[in-house]
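# Secondary and tertiary structure notes
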Amino acid sequence: MTNEEFQGLVLSELKGIKFDISGIKSEITDIKSDVSGMKSAITDIKSQLQEDTDIIKALLHNQEITNAKLENLELNTANKDSVTSMNAKIDTLNTRLFYQESELTRLRAIK
């Protein structure tokens, strides 16, 4: 192999290497672009996640307030059993009142 053939072969290989390097550079540029896009998407996702977290915390707090109000309402509202019990007491008191009025009328009649 002569010196000129050797140089031609080396030049040919160098051109192939340059072409390969150019392709690699292009792929690296594409990868950088993809990574940049992913970083942007992750930033958007993080901000949306924070917003969703804040909303969930607010909803949970409101649910706790609603539960407390409902419990208070249940404690302050007469239920069927308590109404039945109150009616029985009122009936007893009415009977006693009638008896006392009868006794007063009888006592007045004796005077």
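For the structure, see preceding data.
Throughout what follows, the structure given in this document is the object of discussion. For every chain, the first residue of the written sequence is number 1, and numbering continues from 1 onward in sequence order. Local features in this predicted model are restricted to residues whose pLDDT is 70 or higher, and side-chain atom pairs enter the listing and the counts only when it is 80 or higher, whereas totals over whole chains, interfaces and linings include all residues. To get the side-chain values, take all heavy atoms of the structure and skip hydrogens and water.

Moving on: the overall build of the chain. Secondary structure elements follow DSSP: runs of H or I no shorter than four residues count as helices, runs of E no shorter than two count as strands, and numbering proceeds from the N terminus. A count of helices and strands for the chain gives two helices and zero strands. Against the 2.2 N^0.38 benchmark of 13 Å for 111 residues, the chain shows a C-alpha radius of gyration of 47 Å, more extended than a compact globule. Expressed along its principal axes, the backbone C-alpha trace of the chain runs to roughly 155 × 20 × 10 Å. Per-residue burial for the chain yields a buried fraction of 0% across its 111 residues. Element-wise, carbon and sulfur atoms account for 61% of the exposed surface of the chain, whose accessible area totals about 10500 Å². In this count, Lys and Arg are taken as positive residues and Asp and Glu as negative ones, while His and the chain termini are left out. Charge placement uses NZ in Lys and CZ in Arg. For Asp and Glu, CG and CD serve respectively. Seen as two clouds, the 14 positive and the 18 negative side-chain charges of the chain have centres 17 Å apart. Atoms counted for the radius of gyration: C-alpha only. Globule rule: 2.2 Å times residue count to the power 0.38. Working definition: with a 1.4 Å probe on protein chains only, accessible area under 20% of the residue-type maximum means buried, over 50% means exposed, and in between means partly exposed. The method behind every accessible area is Shrake-Rupley, applied with a 1.4 Å probe, and residues are considered shielded solely by the protein chains displayed.

Patches here are clusters of residues that have more than 30% relative accessible area and form no salt bridge, with a 9 Å joining cutoff for like charges and a 5 Å cutoff for nonpolar side chains (Val, Leu, Ile, Met, Phe, Trp, Tyr). Within this document, salt bridges are pairs made up of a side-chain nitrogen of Lys or Arg and a carboxyl oxygen of Asp or Glu, the two lying within 4 Å of each other. Taken together, Met1, Phe6, Leu9, Val10, Leu11, Leu14, Ile17 and Ile21 make up a surface patch of nonpolar side chains, about 770 Å² in accessible area. Looking at where Met1 falls in the secondary structure, it is placed in the segment before helix H1 (3-76). A relative accessible area of 71% means that Met1 is categorised as exposed.

Here the focus is the pattern of salt bridges. Using the criterion set out here, one finds one salt bridge in the structure. For the salt bridge of Glu103 with Arg106, the shortest nitrogen-to-oxygen distance reads 2.9 Å. One end of the pair, Glu103, and the other, Arg106, are both in helix H2 (residues 80-110), three residues apart, so they sit about a helical turn from each other.

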